[in-house]
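# Tertiary structure, described
What follows is each chain in one-letter form.
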Amino acid sequence: MKSYSIFNKSCYGLPELKKNSIDSLITDPPYGISFQNNHWDKNLPDKKIWKDAIRCLKPGAFGAVFSSVRLMHHLMLDLENCGFIIRDVMFWSYLNGMPKSRDVALDIDKELGVESKKTGEYKYVQGYKKDGAPSYTINKNTKHKREPSSTLGVHYKGSGLGLKPAYEPIILVQKPVAKNYSVAQNVIHYGTGALNIENTRIPYEKGEGKVGHNPHPKGRVASNLIRTDAFNDGYDKFFLVPKVRQHAEEFNNHPTLKPVELMHHLVKLLTWEDQHILDPFMGSGSTGIAALELKRNFTGYETDKDYFKIASRRLEETSSKIKIREQKT
Ligand SMILES: C[S@@+](CC[C@H](N)C(=O)[O-])C[C@H]1O[C@@H](n2cnc3c(N)ncnc32)[C@H](O)[C@@H]1O
């Protein structure tokens, strides 16, 4: 059984972690977009956390940092300015993103002092923690469906500001290998410096012709596109992971919960068994669960006491399941 340590406090400084002691950084930090009005998502993390991470990571260690389409350029610069090499950007694609565009035609009606037409009603359910509130608020509002009434509003009917989101970027970074070391020397010395390609190959579909001069029996190298839905037309070449839904009333109500299967993929790609993974923004602990299930050690930080409770419970359940499994074998 691998070990884990989790802290209900801010990650800044990472004082519990020694220099050059961690094999990988896998994290889903605040995106800085106030997602669903959550106070902790107002700003991107202060870049000092990336300097702290560089201190704790072993030379050559890889990291995967989730981000948002709108602010990934800032986060990438912060990571680079703090010493990381940007290796790639993976796209986690899905079909059920919600477009959140404003209805500009209704805004035009308002601006002109004309009341828009009411055409029906719908229920709007939203869970969030506003301004550091101690517990979750669940809003269940009835809202009106509306159509523009003014002549200009009708002309601009259907105009908006945003597209339907269909991917989240995951920035793949690396701490440079040790000075004057080749990649091989770095891997021999620290066990870091390479991706675990072998562990994440995408098997060929039944009947599919193998590609290349020397096809690998386990399948293709994993791509930088990950999908949540089964597509036709050759999309079976990409790693498939179903999206999880947040259920406000249920045990895990974290609004940006990541699927454990997605975290499995990243853990398998970035590390080997027995290595140690850090998530400074662990939320409800999905990275930690994937780490333990795949025989890696884990350290996580979370400031919010409710999310921390959820993470500790999920990690305890995972470790008990693993202990029972190990006792049986
Ligand atoms: C995007 S969420 C992570 C969700 C996680 N991937 C999951 O599956 O549950 C980011 C988390 O970082 C936490 N956070 C924000 N600032 C923090 C800090 N300085 N130290 C530790 N955690 C922090 C927030 O409370 C939030 O739960």
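Its boundaries defined by the atoms lining it, the second largest pocket holds a volume of some 450 Å³. Residues belonging to the lining of the second largest pocket are distributed by class as follows: 15 nonpolar, 10 polar and 7 charged.

Attention now goes to the site of the ligand. Taken together, 23 residues surround the ligand, and among them Asp28, His254, Lys258, Ser284 and Glu302 come closest. One of the backbone nitrogen or oxygen atoms of Lys258 is found 2.9 Å away from an oxygen atom of the ligand. Note that an oxygen atom of the ligand is positioned 2.6 Å from one of the side-chain N or O atoms of Ser284. Alone, the ligand offers 610 Å² of accessible surface; in the complex the protein occludes 95% of this.

Within a regular beta strand, the side chains point alternately toward one face of the sheet and then the other, so they alternate between its two faces. Burial of strand β11 (residues 297-301) is extensive: 5 of the 5 residues sit out of reach of the surface. Residue alternation in β11 divides its side chains into two sets, Asn297, Thr299 and Tyr301 and Phe298 and Gly300, and both sets are buried. Alignment of strand β1 (residues 4-7) against β11, held across 4 bridges, turns out to be parallel. Each bridged residue has a counterpart across the sheet, and for Tyr4 the counterpart in β11 is Phe298. Direction of pairing for strand β10 (residues 276-279) relative to β11: parallel, over a ladder of 4 bridges. For Ile277, the partnering residue across the bridge sits in β11 and is Phe298.

Moving on: a nonpolar patch on the surface. A cluster of nonpolar side chains, Leu112, Val114, Leu152 and Tyr156, forms an exposed patch at the surface whose accessible area comes to about 350 Å². Here Val114 lies in the loop between α3 (104-111) and β5 (117-128). Overall, Val114 belongs to the partly exposed group, its relative accessible area being 31%.

In terms of nonpolar packing, the biggest core is built from 31 residues, with Phe66, Trp92, Ile170 and Leu266 touching the most fellow members. At 6 residues, helix α6 (residues 260-270) tops the list of elements feeding residues into this core. Grouped together as the second largest cluster of nonpolar side chains are 22 residues, Leu17, Ala61, Val65 and Cys82 included.

Right, let's get into the sheet that holds β11. Reading across from one edge, β1-β11-β10-β2-β3-β7-β4-β8-β9 is the order of the 9 strands in this open sheet, with mixed pairing throughout. Edge positions in the open sheet fall to β1 and β9 (239-240), since each of these has one partner strand only. Pairing of strand β3 (residues 57-66) with strand β7 (residues 167-174), which is carried by 5 bridges, proceeds in the antiparallel orientation. The partner of Val65 across the bridge, within β7, is Ile171. Contacts between helix α1 (residues 48-56) and the sheet are confined to β2 (22-27) and β3, with β3 contributing the most and set at about 140 degrees to the helix. Running at roughly 170 degrees to β11, helix α7 (residues 286-293) makes contact with β1, β2, β10 and β11 of the sheet.

Below, the discussion takes up α1. Listed as buried for α1 are Ile49, Trp50, Asp52, Ala53, Ile54 and Cys56. On the buried face of α1, the contacting elements are β2, β3 and α2 (72-81).

It is at 9 Å that the axes of α7 and helix α8 (residues 305-328) come closest, and there the two elements cross at 10 degrees. Taken together, the axes of α7 and α8 lie roughly parallel to each other. On α8, the residues that touch Ser286, Gly288, Ile289, Leu292 and Glu293 of α7 are Arg314, Leu315, Thr318, Ser319 and Ile322. Of the residues assigned to the contact of α7 with α8, the class counts are 4 nonpolar, 4 polar and 2 charged.

Rules behind the numbers
- Residues numbered from 1 in each chain as written.
- Predicted model: local features only at pLDDT ≥ 70, side-chain atom pairs only at ≥ 80, totals over all residues.
- Heavy atoms only, no water.
- 1 Å grid on protein atoms, 1.4 Å probe; cavity = no way out; pocket = protein on both sides within 12 Å on 5 of 7 lines; lining within 4 Å.
- Points joined across faces, edges and corners; volume = space filled by probe spheres on them.
- Nonpolar A, V, L, I, M, F, W, Y, C, P; charged D, E, K, R; others polar.
- Near = heavy atom within 4 Å.
- Polar contact = N/O pair within 3.5 Å; in protein donor to acceptor, adjacent residues only side chain to side chain.
- Areas by Shrake-Rupley, 256 points an atom, 1.4 Å probe, with all protein chains shown as cover.
- Buried < 20%, exposed > 50% of the residue type's maximum accessible area, 1.4 Å probe, protein only.
- Helix = DSSP H or I, 4+ residues; strand = E, 2+ residues; numbered from the N terminus.
- Pairing = 2+ DSSP bridges.
- Patch = residues over 30% accessible without salt bridge, like charges linked within 9 Å, V, L, I, M, F, W, Y side chains within 5 Å.
- Salt bridge = Lys/Arg side-chain N within 4 Å of Asp/Glu carboxyl O.
- Core = buried A, V, L, I, M, F, W, Y, C linked by side-chain atoms within 4.5 Å.
- Contact = heavy atoms within 4.5 Å.
- Axes fitted to C-alpha atoms, helices over the stretch in contact; angles between N-to-C directions.
- Parallel < 35°, antiparallel > 145°, perpendicular 65-115°, else oblique.

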